[in-house]
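Here are the chains, one letter per residue:
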Amino acid sequence: MVDTPSSLVQNFLARPEVHQQWSRDYRTGDNETFFEQAFDHILRVLKPSPGATFLDAGCGSCAHSVRLARRGFNVHAVDFSESALAMAQDYVSSKQLRERITLGRESLLELSFPDDTFDYVLCWGVLMHIPEVERAVSELSRIIKPGGTLVVSEGNKASLEAVGLRSLRRLLRREKAEVREKPEGLEYWTAKSGDALVTRQANIRWLIKSFEAHGLTLTRRVAGQLSESYTRLSAPPLKQLVHVRNNFWFQHVRWPGPAFGNIMFFH
Ligand SMILES: C[S@@+](CC[C@H](N)C(=O)[O-])C[C@H]1O[C@@H](n2cnc3c(N)ncnc32)[C@H](O)[C@@H]1O
């Protein structure tokens, strides 16, 4: 059987160490200020009724499901990776939120839910790892109820950080990953023992048009994190500086154009 790009990525994401590394990079005390503020903002915009249900599509370790559950909402959290779901199960149990968060195995390329199932869907940092992203866009658009809202967070290929790093790597000829330029964005492919992971810096315009082609409309686009360079820095004062700038940008500016993270609301 020939391996497709999607099956290579699925095999890569079956590895527990990939999810453990993401937890070490992103689930840090320093990052919590941003994420807590971001979820307060999301809920101020959405104004869901108490007890409303969210689908967390590509939940990983369930960090964001837990944020929603702690704020009084129910969450159906799904991922196609068994190892991510195992981590999620432990995390949800450790927070004693098993009554609010249910877990399930699903692929965003073929969701088992009927059309128009959810009022609220969160898809944070997931589309960037899906080679057939248009199919996932179609599936997410299908399962949103008319009048419901989908919140998507993706990396922005036109951000200051993405453009700056790209130029620097070109200059120094230091690109480790295979880079593919596509209408969907810039794809960085890294291979490991025959499996592969794609991480896309999205062409945000393409993404918006793609959701629009499936009947959703962008109602709001705000900055996420201005920079994720803290994942590559080792000196604590430099990391701190990045977090301070990120928190300032999110609290006082929120302009998405220059920001690496972009949060989009589709209705
Ligand atoms: C970078 S992690 C983000 C996890 C979580 N949303 C967060 O922000 O903490 C990406 C997650 O998407 C999942 N994923 C990637 N492609 C998927 C697909 N086609 N169907 C379901 N889950 C997928 C991965 O297994 C991984 O857990």
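A brief structural summary.

Parameters at a glance
Residues numbered from 1 in each chain as written. Predicted model: local features only at pLDDT ≥ 70, side-chain atom pairs only at ≥ 80, totals over all residues. Heavy atoms only, no water. Axes fitted to C-alpha atoms, helices over the stretch in contact; angles between N-to-C directions. Helix = DSSP H or I, 4+ residues; strand = E, 2+ residues; numbered from the N terminus. Parallel < 35°, antiparallel > 145°, perpendicular 65-115°, else oblique. Left-handed = near helix turned anticlockwise from the far one by under 90°. Contact = heavy atoms within 4.5 Å. Nonpolar A, V, L, I, M, F, W, Y, C, P; charged D, E, K, R; others polar. Phe/Tyr/Trp six-rings, centres within 6.5 Å; stacked < 30°, edge-to-face > 60°. Buried < 20%, exposed > 50% of the residue type's maximum accessible area, 1.4 Å probe, protein only. Lys NZ or Arg CZ within 6 Å of the ring centre and 35° of its normal. Lys, Arg positive; Asp, Glu negative; His and termini not counted. Salt bridge = Lys/Arg side-chain N within 4 Å of Asp/Glu carboxyl O. Polar contact = N/O pair within 3.5 Å; in protein donor to acceptor, adjacent residues only side chain to side chain. Patch = residues over 30% accessible without salt bridge, like charges linked within 9 Å, V, L, I, M, F, W, Y side chains within 5 Å. Areas by Shrake-Rupley, 256 points an atom, 1.4 Å probe, with all protein chains shown as cover.

At a minimum axis distance of 11 Å, the contact between helix H3 (residues 29-46) and helix H4 (residues 63-70) shows a crossing angle of 55 degrees. Taken together, H3 and H4 sit at an angle that is classed as oblique. For the pair H3 and H4, the crossing hand works out as right-handed. The segment H3 lies against H4, with Glu32, Phe35, Glu36, Phe39 and Leu43 engaging His64, Arg67, Leu68 and Arg70. Tallied by class, residues from the contact of H3 with H4 come to four nonpolar, one polar and four charged.

Attention shifts here to the packing of aromatic side chains. Considering all chains together, one arrives at ten aromatic pairs under this definition. Aromatic side chains Phe34 and Phe35 sit 5.1 Å apart centroid to centroid with 70 degrees between the ring planes, which places their arrangement in the edge-to-face category. On the basis of relative accessible area, Phe35 is assigned to the buried category, the value being 4%. Its end group placed over the ring of Phe12, Arg15 keeps NZ or CZ at 5.6 Å from the ring centre. Just above the ring of Phe250 sits the side chain of Arg254; from NZ or CZ to the centre is 4.9 Å.

Once that is clear, we can look at the side chain of Glu228. When you line up the elements, Glu228 lands in the loop between strand S9 (218-223) and helix H9 (236-253). As a buried residue without a salt bridge, Glu228 has its nearest oppositely charged side chain in Arg232, at a separation of 6.5 Å. Of the polar contacts made by the side chain of Glu228, one reaches the side chain of Tyr26; its length is 2.8 Å. Ignoring any residue separated from it by four or fewer positions in sequence, one finds Glu228 in contact with Tyr26, Glu161 and Phe260.

Taken together, the side chains of Leu168, Leu171 and Leu172 define a hydrophobic patch exposed on the protein surface, amounting to about 320 Å² of accessible area. Among the secondary structure elements, Leu172 is positioned in helix H7 (residues 160-172).

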